[in-house]
Amino acid sequence: MREIKVGIIGLGTVGGGAISILTRNREQIVRKLGFPLDIAAVCDLNAKSRTLPDGLEGALVTEDWRELVSHPNVDIVAELVGGTGAAREMVEAAIANGKAVVTANKELMGLQGVALGRLAAEKGVPLAMEASVCGGIPIHAVLKEGICADSVRAFYGILNGTSNYILTEIEQHGKAFDDVLKEAQRLGFAEANPTADVGGFDARSKLVLLALLAFGARVEPASVPTEGIERITPTDFRYAKQAGCTIRLLCAAEATEEGVFLSVRPSLIPVTTILAGVQGAYNAVWVKGDFGADTFYYGRGAGPLPTGVAVVSDLMRVARELRHGSAARVSPFSFTDPRD
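Predicted, not measured: the structure shown is a model, and the values here were computed from it.

Caption draft 1: Just the side chain of T103, in detail. Relative to the helices and strands, T103 resides in strand β5 (residues 100-103). Taking the relative accessible area as the measure of exposure, T103 reaches 0% and is therefore buried. In terms of polar contacts, T103 uses its side chain to reach the side chain of E79, at 2.6 Å.

Dropping the structure here:
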């Protein structure tokens with residue numbers, strides 16, 4: 001069978017991880033799909049001057065994303081640059097050109113995902129976004145398919161690995177927030193500008209996206225009460241320990257008769273609960289359903305290879321849909337009619 005061709009926009013951490021998996025694990029991917037999944041083109045602002053990953057021999061290398069999304073040999077476009085400006089243009093242009101889209105962009109999907117999903121449905125192409133939340137945890141697949149028969153009442157999550165790493169270090173070693181943040185930046189766990197992570201905004205984008213999947217409810221991110229971890233000190237952890245608790249940046253979502261309520265804030269977590277054991281740069285989601293009761297999902301929330309697994313798994317799923325003509329097999333947001 002003819003191979004399915006992929007175009008990747010963004011050769012940073014996630015893009016590099018996805019390329020590594022596509023090339024190093026190519027034989028097993030072919031065995032699972034029954035046909036090859038190959039890289040036809042890559043795009044990056046500095047593509048011509050940077051050292052490219054192995055495995056791109058013969059691929060188009062360009063610094064113009066428009067060239068990639070209109071390339072006749074590209075079947076699936078992977079948008080891995082982030083943000084909501086140029087990234088939205090990329091996704092819209094790819095869909096307009098009849099390309100399937102895979103993205104890891106939680107901010108864009110949280111803000112504009114429903115509109116982009118409708119565009120994809122009108123064009124008859126798949127849109128997939130597993131890597132946008134929780135890195136290597138397949139939480140989208142869980143909510144869309146794994147437990148889709150259940151009625152989710154609430155879920156609670158640790159959705160930002162940077163914040164969880166910082167809180168764990170403060171708790172275990174009694175270090176000040178600023179000192180741990182500098183260490184996290186040196187180790188690559190935190191960005192040079194860490195505001196989105198430590199301020200709770202990254203977690204908020206992910207929470208809004210999961211609420212859309214769990215409840216079919218669209219929530220404006222700016223309306224979600226959000227507090228970061230900048231003021232947490234070793235003293236806070238000492239008091240928490242006296243109360244039999246630890247502190248985590250908790251994302252909470254509950255569906256009630258009055259509506260869906262979301263929040264992101266540092267919270268006291270009893271040490272007897274499973275969420276209290278989530279340490280370092282790991283993520284976790286605890287889902288409470290009407291029928292299936294409690295289920296729990298745990299894994300690395302970031303990093304090139306865990307997140308790359310999510311991207312490539314999406315590419316494989318979309319490739320199957322393209323090959324077998326079932327682009328609308330499952331709505332990208334679980335519900336066919338997300339509501340405000």
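Caption draft 2: Here's a closer look at the nonpolar core. Residues I139, F155, I166, L207, L210 and F215 are the most contacted members of the largest nonpolar core, which totals 70 residues. A total of nine residues in this core trace back to one element, the largest contributor, which is helix α10 (residues 201-215). Core analysis: the second largest hydrophobic core is formed by 31 residues, I4, I19, I29 and A131 among them.

Caption draft 3: Molecular detail of the state of the cysteines. For the structure shown, the criterion picks out zero disulfides. With no disulfide of its own, C134 lies closest to C251 among cysteine sulfurs, the gap being 8.7 Å. The exposure class of C134 is buried, given its relative accessible area of 1%.

Caption draft 4: Representation of the sheet that holds strand β8 (residues 245-256) in the model. Pairing is antiparallel across the open sheet formed by five strands, whose spatial order is β9-β8-β7-β10-β11. For this open sheet the edge positions go to β9 (259-270) and β11 (293-300), each flanked by a neighbour on one side alone. This sheet shows a mean twist of 15 degrees between the axes of neighbouring strands, independent of strand direction. Direction of pairing for strand β10 (residues 282-289) relative to β11: antiparallel, over a ladder of eight bridges. Opposite V287, over in β11, you have T295 as the bridge partner. Contacts from helix α7 (residues 161-173) reach β7 (152-158), β8 and β10, with the element oriented near 145 degrees to β8. This element, α10, spans β7, β8, β9 and β10 of the sheet and lies at about 155 degrees to β7.

Caption draft 5: Spotlight on the packing of helix α1 (residues 13-24) against helix α12 (residues 304-324). Relative to each other, α1 and α12 sit at 65 degrees, their axes nearing to 7 Å. In terms of crossing hand, the pair formed by α1 and α12 is right-handed. Here T13, V14, G17, A18, S20, I21 and L22 of α1 come into contact with α12, specifically with P304, L305, T307, G308, V309, V311, V312 and L315. Class assignment for the residues of the contact of α1 with α12 results in 10 nonpolar, five polar and no charged.

Caption draft 6: Up close: the packing of α7 against helix α8 (residues 177-187). Packing of α7 against α8 brings their axes to within 9 Å, and their N-to-C directions diverge by 130 degrees. Taken as axis vectors, α7 and α8 run oblique relative to one another. Considering how the two elements wind past one another, α7 and α8 form a crossing that is right-handed. On the side of α7, the interface is formed by Y165, I166, E169 and I170, while α8 contributes F177, V180, L181, E183, A184 and L187. Broken down by class, the residue content of the contact of α7 with α8 amounts to eight nonpolar, no polar and two charged.

Caption draft 7: Broad picture of the packing of aromatic side chains. Scanning the model with the defined rule gives two aromatic pairs in all. Centre to centre, the rings of F155 and F215 are 5.8 Å apart; their planes meet at 25 degrees, and the pair counts as stacked. Here F155 is found in strand β7, whereas its partner F215 is found in helix α10, with 60 residues between them in sequence. Exposure remark for F215: the relative accessible area of 14% places this residue in the buried category. Ring geometry for Y282 and Y298: centres 5.0 Å apart, planes at 5 degrees, overall stacked. One end of the pair, Y282, is in strand β10; the other, Y298, is in strand β11, with 16 residues separating them in the sequence.

Caption draft 8: Looking closely at helix α4 (residues 86-96). Residues of α4 that are buried: A87, M90, V91, A93, A94 and I95. Against β1 (4-9), α3 (65-69), β4 (76-79), β5 and α5 (106-123) lie the buried residues of α4. One or two steps after α4, the chain reaches G98, where phi turns positive at roughly 75 degrees.

Caption draft 9: Inspection of the environment of N105 at higher detail. On the secondary structure map, N105 appears in the loop between β5 and α5. When the C-alpha positions of N105 and I8 are compared, they lie 13 Å apart, and in sequence the two are 97 residues distant. Ignoring sequence-local partners within four residues, the contact set of N105 consists of E79, G82, G83, A87 and S132. A polar atom in the side chain of N105 sits 3.5 Å from the side chain of E79.

What counts as what
- Chains are numbered independently. Their residues run from 1 in the order of the written sequence.
- Local features in this predicted model are restricted to residues of pLDDT 70 or higher, and side-chain atom pairs are both shown and tallied only at a pLDDT of 80 or more, whereas totals for entire chains, interfaces and linings draw on every residue.
- Only hydrogens and water are removed before side-chain values are computed, so all heavy atoms of the structure are retained for them.
- In this description a helix means any DSSP run of H or I spanning at least four residues, a strand means any run of E spanning at least two, and both kinds are numbered starting from the N terminus.
- For every residue, the accessible area obtained with a 1.4 Å probe (protein chains only) is divided by the maximum for its type, and the residue is called buried under 20%, exposed over 50%, and partly exposed between those limits.
- Counted as a polar contact is a pair of N or O atoms within 3.5 Å, where, for protein atoms, one must be capable of donating a hydrogen and the other of accepting one, and residues adjacent in sequence contribute only when both atoms are in side chains.
- Only buried Ala, Val, Leu, Ile, Met, Phe, Trp, Tyr and Cys residues count toward a nonpolar core, and they belong to the same one when joined by side-chain atoms within 4.5 Å.
- Disulfide assignment relies on a single distance test, namely cysteine sulfur atoms paired within 2.5 Å.
- Two strands pair under a simple rule: DSSP has to find at least two bridges between them.
- To obtain an axis, a line is fitted to C-alpha atoms, over the contacting stretch when the element is a helix, and the angle between two such axes runs from 0 to 180 degrees between their N-to-C directions.
- The contact criterion used throughout is that any non-hydrogen atoms of two residues lie within 4.5 Å.
- For any helix crossing, the convention is left-handed if the near helix is rotated counterclockwise from the far helix by under a right angle, and right-handed if that rotation is clockwise.
- Polar here means any residue other than Ala, Val, Leu, Ile, Met, Phe, Trp, Tyr, Cys and Pro, which are nonpolar, and Asp, Glu, Lys and Arg, which are charged; Gly is therefore polar.
- Working rule for angles: under 35 degrees goes down as roughly parallel, over 145 as roughly antiparallel, 65 to 115 as roughly perpendicular, anything else as oblique.
- Working definition: a ring pair exists when centres of Phe, Tyr or Trp rings (six-membered ring for Trp) sit within 6.5 Å. Plane angles under 30 degrees give stacked, over 60 give edge-to-face, the rest tilted.

That is the geometry; function is a separate question.
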